[in-house]
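The lines below spell out each chain.
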Amino acid sequence: MTNTGKRFSWFRWLCSVFGLLFYLADIGSDFLLSVQYFKKGHVTWAALTLMFVLLGSLCIQIFSYAWFKDDKENYGEDNKALSTCHLICIHVLQIGIFTRYVHLLKKSFKVLRSDDTQEEEQFHLFGLATDLSMLRMFEVFLESVPQLVLQVYIILGHNHQSYLQYISMAVSLLNIAWAMVDYRRCFRRSLPYLKEMPSGIPTAVYLFYKIFTITPRILSLTLFIMLSAFCTVAMACIWLVGTIWAFVEETDFCTSRVLEHLYRAIVGVILLFTFFNIKGENTTVHMTVYYIFSVGQNLAAPILLFLLKPESGVPDYFLPILFFILVSESMGLGFLGLYYSLLHPRQPCREKMTEEDGMDQVDGMNHEPKKTTRFERFLQI
């Protein structure tokens, strides 16, 4: 089944341009900040800032290269400009995602200028865009979100502030918001059996739900680190629980077992900050349990810091922080309820689609089951 009626527009092209600019700005500002820390003698801060940049980049390069190879082998995509040697080089140089953006912008620009566009070309463009949206999701939770935790810790725990710090944090937050919106839009556009959600209020509500639940999570984790460095061990345990859940759910996102294990580990990192449906099944109970524990932990962070480490200076801003966490969590969960009760499109059942597809098949002919797309096995909204 193809994405009938879903066409790659000039607006979508501009979104890809902005996505590339936000990506470069995020990486660039963090790199400049690490240089600033190093010049001022804060070697540990510089190393940690740079470490998150490199960790996020390394992981997305690995998946980008694997997807290039999978598409070439499984779907016959053979771009002569991207030979195996060339692919290895651009990913070793950490410019795989940049290459994907350039490839998408060039190809979509050519298609958009053409009066006669085949539906197959449109489907291919959406495939390129969705691959980028998934890579950006990895990059956001491996680099941008941890970077915010680190910078907030430096500001609150060490009272170190600079304009470049605030610029880096603002760009990271903007990058998170953009990746969330772009992912949601690509998700609906790329799966033919899902109804496409219109822009506007649904997109804004979904974005507010994510931002207002992730922001207090970032702040609470920062406060836990201020309480004790050993709290990072507790965070590692939470990450391990999320990773184990991905193993228990038996995700099948990757074609390689090693990559699948890496993917599940990254899912554990994502679940440390926000909830995603990792199998596309009904997870109302899982989501409820997740946010009960998340809200409890978020509220416990400032209270424990106030009681156990008063010399940290938290008593001076304890009430504003507690009020911010309460309000932000309440708004986030309120938007969550609004989104899933009124604005989340209900998808048709697959059995019905299979029957409709079967009407077009010739009697007596056997057909192999259609391959599911990568996006269909990725994190669900």
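Residues numbered from 1 in each chain as written. Predicted model: local features only at pLDDT ≥ 70, side-chain atom pairs only at ≥ 80, totals over all residues. Heavy atoms only, no water.

### Things to note about the overall build of the chain
Phase 1: Each helix and strand counted, the chain has 12 helices and 0 strands in total.
Phase 2: Starting at the N terminus and walking to the C terminus, you meet the elements of the chain as α-α-α-α-α-α-α-α-α-α-α-α.
Phase 3: The burial tally for the chain puts 50% of its 381 residues in the buried class.
Phase 4: Split by element, the accessible area of the chain, about 19,000 Å² in all, is 67% carbon and sulfur. (Helix = DSSP H or I, 4+ residues; strand = E, 2+ residues; numbered from the N terminus. Buried < 20%, exposed > 50% of the residue type's maximum accessible area, 1.4 Å probe, protein only. Areas by Shrake-Rupley, 256 points an atom, 1.4 Å probe, with all protein chains shown as cover.)

### Observations regarding the nonpolar core
Phase 1: By size, the foremost hydrophobic cluster in this structure holds 85 residues, and its most contacted members are F63, F138 and F141.
Phase 2: Element by element, the count of residues in this core is highest for helix 5 (residues 119-158), at 17 residues.
Phase 3: With near-sequence residues (within four places) excluded, F63 lies in contact with L135, F138, F253, C254, L259, L262, Y263 and I266.
Phase 4: Y37, W45, F52 and L164 belong to the second largest nonpolar core, which has 8 residues in total. (Core = buried A, V, L, I, M, F, W, Y, C linked by side-chain atoms within 4.5 Å. Contact = heavy atoms within 4.5 Å.)

### Focus on the environment of Y340
Phase 1: Following the sequence through the fold, Y340 ends up in helix 11 (residues 318-343).
Phase 2: Put simply, Y340 and Y206 are 134 residues apart on the chain and 9.1 Å apart in space, counted from C-alpha to C-alpha.

### A word on the packing of aromatic side chains
Phase 1: One pass over the full model with this rule turns up 26 aromatic pairs.
Phase 2: Relative to W13, the ring of W10 lies with its centre 5.9 Å away and its plane at 75°, an arrangement referred to as edge-to-face. In this pair, W10 and W13 are both assigned in helix 1 (residues 10-39), 3 residues apart and thus about one turn of the helix distant.
Phase 3: Its relative accessible area of 19% is what places W13 among the buried residues.
Phase 4: Judged by centre distance (5.2 Å) and plane angle (50°), the ring pair of Y206 and Y339 falls under tilted. Highlighted residues: Y206 in helix 7 (residues 201-227) and Y339 in helix 11, separated in sequence by 133 residues. Comparing Y206 with Y339 shows no difference in burial state: the two are buried.
Phase 5: Cluster of aromatic residues (ring-pair linked, three or more members): Y206, Y209, W245, F275, Y290, Y291, Y339 and Y340.
Phase 6: A cation over an aromatic ring shows up here: R100 above the ring of F68, its NZ or CZ 4.0 Å from the ring centre. (Phe/Tyr/Trp six-rings, centres within 6.5 Å; stacked < 30°, edge-to-face > 60°. Lys NZ or Arg CZ within 6 Å of the ring centre and 35° of its normal.)

### Focus on a nonpolar patch on the surface
Phase 1: On the surface, a nonpolar cluster with roughly 400 Å² of combined accessible area is contributed by L24, L93, I95, F98 and V102.
Phase 2: Note that I95 resides in the loop between helix 3 (84-92) and helix 4 (96-113).
Phase 3: By relative accessible area, I95 is classed as partly exposed at 34%. (Patch = residues over 30% accessible without salt bridge, like charges linked within 9 Å, V, L, I, M, F, W, Y side chains within 5 Å. Salt bridge = Lys/Arg side-chain N within 4 Å of Asp/Glu carboxyl O.)

### Observations concerning the side chain of S29
Phase 1: Relative to the helices and strands, S29 is located in helix 1.
Phase 2: Given the relative accessible area of 7%, S29 is considered buried.
Phase 3: Once residues within four sequence positions are removed from consideration, S29 is found in contact with L164, S168 and V171.

### Some details on the side chain of E329
Phase 1: Mapped onto the secondary structure, E329 falls in helix 11.
Phase 2: It is R217 that comes nearest to the buried, bridge-free E329 among opposite-charge side chains, at 6.7 Å.
Phase 3: A polar atom in the side chain of E329 sits 2.3 Å from the side chain of N298.
Phase 4: Residues within four places of E329 in sequence aside, it is in contact with F212, T213, P216, S294, V295 and N298. (Lys, Arg positive; Asp, Glu negative; His and termini not counted. Polar contact = N/O pair within 3.5 Å; in protein donor to acceptor, adjacent residues only side chain to side chain.)

### Notes on the UniProt feature "transmembrane region" (unreviewed entry) in the chain
Phase 1: In the numbering used here, UniProt assigns the "transmembrane region" (unreviewed entry) feature to residues 12-33, 45-68, 80-102, 162-181, 218-241, 261-278, 290-308 and 320-343.
Phase 2: The span residues 162-181 is 95% helical and 0% strand by assignment, and the distance between its end C-alpha atoms comes to 29 Å.
Phase 3: Segment residues 261-278 splits into 72% helix and 0% strand. End C-alpha atoms: 14 Å apart. (UniProt positions renumbered as here; feature names shortened; annotations may be inferred.)

### Topic: the confidence of the model for the chain
Phase 1: On average, residues of the chain score 83 in pLDDT, and 83% of them are at 70 or above.
Phase 2: Segment residues 348-371 is flagged for pLDDT under 50; beyond a separation of four residues in sequence, or across chains, it makes 12 contacts in the model. (pLDDT = per-residue confidence, 0-100.)

### Describing unusual backbone geometry
Phase 1: Positive phi, normally seen in glycine, also occurs at Q94, with a value near 65°.
Phase 2: Located in the positive-phi region is E250, a residue other than glycine, with phi close to 55°.
Phase 3: Along the chain, E250 falls in the loop between helix 8 (231-248) and helix 9 (257-273).

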